[in-house]
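# Notes for the structure review
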Amino acid sequence: MHKDDLRRQIRQIKRQFTPQQLEELSLPIISRLKPMLADTQVVMAYYSLPDEVCTHSLINDLVAKGKTVLLPKVTGDDTMELRRYTGRDDLREGAFHILEPVGERFIDEISIDVVLVPGVAFDAKGHRLGRGRGYYDRFLRAYKARTIGVCFDFQKVDEVPVDAFDVTVNEVI
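Residues numbered from 1 in each chain as written. Predicted model: local features only at pLDDT ≥ 70, side-chain atom pairs only at ≥ 80, totals over all residues. Heavy atoms only, no water.

### Section: the environment of Ser48
- Inspection of the secondary structure puts Ser48 in the loop between strand S1 (42-44) and helix H3 (56-64).
- Using a relative accessible area of 8% as the deciding quantity, one classes Ser48 as buried.
- When the C-alpha atoms of Ser48 and Gln21 are compared, they prove to be 15 Å apart, with 27 residues separating the residues in sequence.
- Within the local environment of Ser48, its side chain forms a polar contact with the backbone nitrogen of Thr55, the two atoms lying 3.1 Å apart. (Helix = DSSP H or I, 4+ residues; strand = E, 2+ residues; numbered from the N terminus. Buried < 20%, exposed > 50% of the residue type's maximum accessible area, 1.4 Å probe, protein only. Polar contact = N/O pair within 3.5 Å; in protein donor to acceptor, adjacent residues only side chain to side chain.)

### Some thoughts on the pairing of strand S2 (residues 68-74)
- The buried fraction of S2 amounts to 6 of the 7 residues, a majority that puts the element mostly inside the structure.
- Across 3 bridges, S1 lies against S2 in parallel orientation. Residue Val42 lies in a different strand from S2, and its bridge partner there is Thr68.
- At this point the chain moves from S1, through H3, to the parallel S2, and the crossover so formed is right-handed.
- Inspection of the sheet shows S2 paired to strand S3 (residues 80-85) by 6 bridges, in the antiparallel sense. From the neighbouring strand, Val74 faces S3, where its bridge partner is Met80. (Pairing = 2+ DSSP bridges. Right-handed = clockwise from strand over helix to strand, strands pointing away.)

### Focus: the side chain of Arg128
- Secondary-structure assignment places Arg128 in strand S9 (residues 128-129).
- At 4.2 Å, Asp137 is the nearest oppositely charged side chain to Arg128, a buried residue that forms no salt bridge.
- A distance of 2.7 Å separates a polar side-chain atom of Arg128 from the backbone oxygen of Pro118.
- When near neighbours in sequence (up to four residues on either side) are disregarded, Arg128 contacts Val117, Pro118, Gly119, Ala121, Phe122, Tyr136, Asp137, Val160 and Val167. (Lys, Arg positive; Asp, Glu negative; His and termini not counted. Salt bridge = Lys/Arg side-chain N within 4 Å of Asp/Glu carboxyl O. Contact = heavy atoms within 4.5 Å.)

### Quick look at the nonpolar core
- By size, the foremost hydrophobic cluster in this structure holds 44 residues, and its most contacted members are Leu33, Met44, Leu71, Leu82, Ile112, Leu116 and Val150.
- For this core, the secondary-structure elements that each account for two or more residues are helix H2 (19-36), S1, H3, S2, S3, strand S7 (114-118), helix H4 (135-140) and strand S10 (146-150).
- In contact with Val150, other than residues within four places in its own chain, are Ile29, Leu33, Tyr46, Val53, Leu116, Val117, Pro118, Gly119, Phe122 and Ile173.
- If you look at the next biggest cluster of nonpolar residues, it comprises 7 residues, including Ala121, Leu129, Val157 and Val160. (Core = buried A, V, L, I, M, F, W, Y, C linked by side-chain atoms within 4.5 Å.)

### Brief notes about the sheet that holds strand S6 (residues 105-106)
- Spatially, the 7 strands line up as an open sheet ordered S6-S3-S2-S1-S7-S10-S11, and their pairing is mixed. Among the strands making up the open sheet, the edge pair consists of S6 and strand S11 (171-172).
- Each of S7, S10 and S11 is contacted by H2, which is oriented at about 170° to S10, the strand it contacts most.
- Together, S1, S2, S3 and S7 form the strand contacts of H3, whose direction differs from that of S2 by roughly 135°. (Axes fitted to C-alpha atoms, helices over the stretch in contact; angles between N-to-C directions.)

Encoded structure:
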């Protein structure tokens, strides 16, 4: 199966759910993630879109526990940078109508303990299919932190088509 075909297939499955149902399906995933992040200090996350596993409460809980939470901000056609997230007031609509952080830029990449990675689909080998722009693949190539792909069960597939530039995640939850 080609990448675009798999994206279409997952998009059709997602449309079967209301935003409220997806939010409910997110709860057990977030519950499994929390203990995995207990011993971390610096977490790169993502501020979820309506069709992704909802991370909003998770990142707010991490901030409340005193952890440093970083969110990506698109800065160009093929680049992202990290910004510190301290609360909802740190977000503004950015590229692709995605809420992005406007907080302080974070450049101490070595201190990142875990990166939570969104995706359209994942397989058991950690292959990830993104939305097609390659932002995360380019970004993750430079980091050595533990990476966790975050997705709904219906986004876990037998095999994700891969290209040489695709970056795998360490685990998928």
